[in-house]
Amino acid sequence: MRPPSFCSRGPTVKAILCQRFGTPDDLVLGDISDPTPAPGEVVAKVVAVGLNFFDTLIIAGKYQTKPPFPFSPGGEFAGVVESVGAGVAAFAPDDRVMGYTNFNAARERTAVPADNIVKIPADLDFDRAAALTITYGTAYHALQHRALLRASETLAVLGASGGVGLAAVELGAVMGARVIACASTDDKLEFARSHGAHEVVNYQKENLRNALKRLGGEHGIDVVFDPVGGAYSEPALRSLGWEGRHLVVGFAAGDIPKLPLNLVLLKGCAALGVFWGAWVRHEREQYKEAIERLARWCGEGKLSGHIQQVYPLSETPKALKALAERKVMGKLIVRP
Ligand SMILES: NC(=O)c1ccc[n+]([C@@H]2O[C@H](COP(=O)([O-])OP(=O)(O)OC[C@H]3O[C@@H](n4cnc5c(N)ncnc54)[C@H](OP(=O)(O)O)[C@@H]3O)[C@@H](O)[C@H]2O)c1
C-alpha cells in the first residue's frame, strides 16, 4: 500500500482510500474528516463491510460509477447509527442497520441516505448482515422479479461459488427450483452442493453445452444466472429450453459476449438485464421489502450469508486481490 498524500483537520476517522485509479496496491490507509449527516442521511459506525467483485473495478476506473477522489471501496455494510440528519424519523442512535453505500463503506464511519438502509433483525450478526444487501439482493431481484422463477423449474448458475452465484444457488433452492451449479473447480462445486445445488458442472473440465444438454433433458434449462460472461454465456444460452430466460448479471471473466439473436428467436427465450443499482433507484419500496426478507431468511438459517474470511481495514487490498484472483467462495468481510 502507498502512503497517504494528504491529511485532514479536526476529528478524523480511518479510511481505506482510492486517490487515483489503479490496483489494490494503490489504495492507502489514511485519515479523513469525521462525517456529519446531511438532511435525509444517517452517520453510522461501520462494523462490517461486504466486499464485491465490482470493488476491484471501481478502484480501477472500470466501473460505471466513477466517484470523486479520494473515495473508499465497499458498497454494502452493517453498523450502528451514531447520528441522524434533519428529516430522518425512521432511525435513531444505537439502531443496528444494514444497507448499501455504493462506495465509501471501507472506513470507520460513513454517511448514508436513510433510504438505503434497514434495521438488522435481532438474530442476525453484523458480518452476515453486511454480506446480504447487494449480493443476495441482486440474486433475489434477478430470480424473483426478472426471471419470475417458478418452483420445479431448472436453474443453471454460472460462477456458482462466488458472491452473487452462491446467493443464486441458495435462493434458487429456497424457491423450489432444481439448481445446477457451474464453476471452475471441484472444490467450488462441492461447496455449492453443500449450499443447496442439486447437480454440478465443472466447466473447466467438461464442455458446458454438453453438460447442460445432458442435465436439462428434453425440455432444456429454464433459467440461466450468468455473472461470468466471456466464453460461457453462449453455450449457456444455447442450453435454454422453450421460453427460457438468460439473466445477464455481470462479466467477471472480463469479456462481454456478443450473443446470436437468432437463438432468442428460435427458442422464444429472453435475455434479461439485471441491474441492482438501477432497480433500487426505480423500486425503492420493493428494494426495502426484499432486503428485510433476505435478512429475516438469513437470521432464520434459510440463507447462509457465508463468509470465507474477515480482514482488518488495513488488509482491504489483500482481500480485493483474492477476489480479483478468483480465490473466493462466498463473501469477504472487512471490519474497520
Ligand atoms: N448486475 C448487477 O446489478 C450486479 C450486482 C452484483 C454483482 N454483479 C457482477 O456479478 C459478477 C460477480 O460478482 P461477485 O461479487 O459475485 O464476484 P465473485 O464473488 O468474485 O464471483 C465471481 C465468479 O466469477 C467466476 N469467474 C470467472 N472468470 C473470472 C475471472 N477472470 N476473475 C474472477 N472471477 C471469475 C469465478 O467463478 P469460477 O472460478 O467458478 O468460474 C467467481 O467465483 C461481477 O461481474 C459483478 O460486477 C452485477
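Residues numbered from 1 in each chain as written. Predicted model: local features only at pLDDT ≥ 70, side-chain atom pairs only at ≥ 80, totals over all residues. Heavy atoms only, no water.

Caption draft 1: Broad picture of the site of the ligand. As a structural note, the neighbourhood of the ligand is formed by 24 residues, with Ser184, Lys188, Tyr203, Val274 and Trp276 the closest of them. Measuring from an oxygen atom of the ligand, one finds a side-chain N or O atom of serine 184 at 2.6 Å. For the ligand, a nitrogen atom lies 2.8 Å from a polar atom in the backbone of valine 249. Coverage of the ligand by the protein amounts to 91% of the 900 Å² it exposes when considered alone. Of all the secondary-structure elements, those providing two or more residues to the shell around the ligand are helix 4 (163-174) and helix 11 (316-324). (Near = heavy atom within 4 Å. Polar contact = N/O pair within 3.5 Å; in protein donor to acceptor, adjacent residues only side chain to side chain. Areas by Shrake-Rupley, 256 points an atom, 1.4 Å probe, with all protein chains shown as cover. Helix = DSSP H or I, 4+ residues; strand = E, 2+ residues; numbered from the N terminus.)

Caption draft 2: Broad picture of the sheet that holds strand 12 (residues 240-248). What the six strands build is an open sheet, ordered 10-9-8-11-12-13; its pairing is parallel. Two strands close off the open sheet at either side, each with one partner strand: strand 10 (199-202) and strand 13 (270-273). Here the average twist between neighbouring strands, direction ignored, is 20°. Of the pairings in the sheet, the one linking strand 12 to strand 13 comprises four bridges and is parallel in character. Bridged to arginine 245 within strand 13 is alanine 270. Of the strands in this sheet, strand 8 (154-158), strand 9 (178-183) and strand 11 (221-226) touch helix 4, which is tilted by about 165° from strand 8. (Pairing = 2+ DSSP bridges. Axes fitted to C-alpha atoms, helices over the stretch in contact; angles between N-to-C directions. Contact = heavy atoms within 4.5 Å.)

Caption draft 3: Representation of the packing of aromatic side chains within the structure. Evaluation of the coordinates by the stated rule reveals 10 aromatic pairs. Both rings, one in phenylalanine 54 and one in tyrosine 63, keep their centres 5.1 Å apart while their planes meet at 20°; by these two values the pair is stacked. Tyrosine 63 carries the same exposure label as phenylalanine 54, and that label is buried. On the numbers, 3.9 Å between centres and 25° between planes, the contact of tyrosine 203 with tyrosine 232 is stacked. Placement of the pair is tyrosine 203 in the loop between strand 10 and helix 6 (208-216) and tyrosine 232 in the loop between strand 11 and helix 7 (233-238), with a sequence separation of 29 residues. In this pair, the class of tyrosine 203 matches that of tyrosine 232, namely buried. Linked through ring pairs, Phe21, Phe69, Phe71 and Phe103 together constitute an aromatic cluster. The ring centre of phenylalanine 126 lies 4.7 Å from the NZ or CZ of arginine 96, which sits over that ring. (Phe/Tyr/Trp six-rings, centres within 6.5 Å; stacked < 30°, edge-to-face > 60°. Buried < 20%, exposed > 50% of the residue type's maximum accessible area, 1.4 Å probe, protein only. Lys NZ or Arg CZ within 6 Å of the ring centre and 35° of its normal.)

Caption draft 4: Representation of the packing of helix 3 (residues 135-146) against helix 4. As a packed pair, helix 3 and helix 4 sit with axes 8 Å apart at the nearest point and diverge in direction by 50°. Regarding the angle of helix 3 to helix 4, the classification is oblique. Helix 3 and helix 4 meet at a crossing whose hand is right-handed. Within the contact between the two elements, helix 3 uses Thr135, Tyr136, Thr138, Ala139, Tyr140 and Leu143 and helix 4 uses Gly163, Val164, Ala167, Ala168, Glu170, Leu171 and Gly172. Its residues assigned to classes, the contact of helix 3 with helix 4 comprises eight nonpolar, four polar and one charged. (Parallel < 35°, antiparallel > 145°, perpendicular 65-115°, else oblique. Left-handed = near helix turned anticlockwise from the far one by under 90°. Nonpolar A, V, L, I, M, F, W, Y, C, P; charged D, E, K, R; others polar.)

Caption draft 5: Quick look at the nonpolar core. Residues Met98, Leu143, Leu155, Leu171, Phe225 and Leu247 are the most contacted members of the largest nonpolar core, which totals 86 residues. For this core, the leading source of residues is helix 10 (residues 284-300), giving seven residues. With sequence-adjacent residues up to four places away left out, leucine 143 is seen in contact with Leu148, Leu149, Leu155, Ala168, Leu171, Gly172, Met175, Phe225 and Leu247. Grouped together as the second largest cluster of nonpolar side chains are 19 residues, Val201, Tyr203, Val224 and Leu240 included. (Core = buried A, V, L, I, M, F, W, Y, C linked by side-chain atoms within 4.5 Å.)

Caption draft 6: Fine view of the pairing of strand 15 (residues 331-335). The buried count for strand 15 comes to four of five residues, which makes it a mostly enclosed element. Two strands pair when backbone bridges link them, and strand 3 (residues 41-50) and strand 15 are joined in this way by two bridges, in the antiparallel orientation. Bridge pairing in strand 15 links glycine 50 to isoleucine 333. Handedness of the crossover joining strand 14 (residues 307-312) and strand 15 through helix 11 is recorded here as right-handed. (Right-handed = clockwise from strand over helix to strand, strands pointing away.)

Caption draft 7: Fine view of the side chain of asparagine 202. Among the secondary structure elements, asparagine 202 is positioned in strand 10. The buried category is assigned to asparagine 202, whose relative accessible area is 8%. A polar contact of 2.9 Å, which involves the side chain of asparagine 202, links it to the backbone nitrogen of glutamine 204. In this structure, asparagine 202 is in contact with Ala183, Ser184, Thr185, Asp186 and Leu189, ignoring residues within four places of it in sequence.

Caption draft 8: Inspection of the environment of alanine 78 at higher detail. Tracing the backbone through its elements, the reader meets alanine 78 in strand 4 (residues 76-84). Here alanine 78 falls in the buried class, since its relative accessible area comes to 0%. A sequence separation of 108 residues divides alanine 78 from aspartate 186, and the C-alpha atoms of the two residues are 32 Å apart. Those residues within four positions of alanine 78 in sequence are excluded, and the remaining contacts are Lys45, Val46, Val47, Ala48, Val97, Met98, Ile120, Phe126, Ala129 and Ala130.

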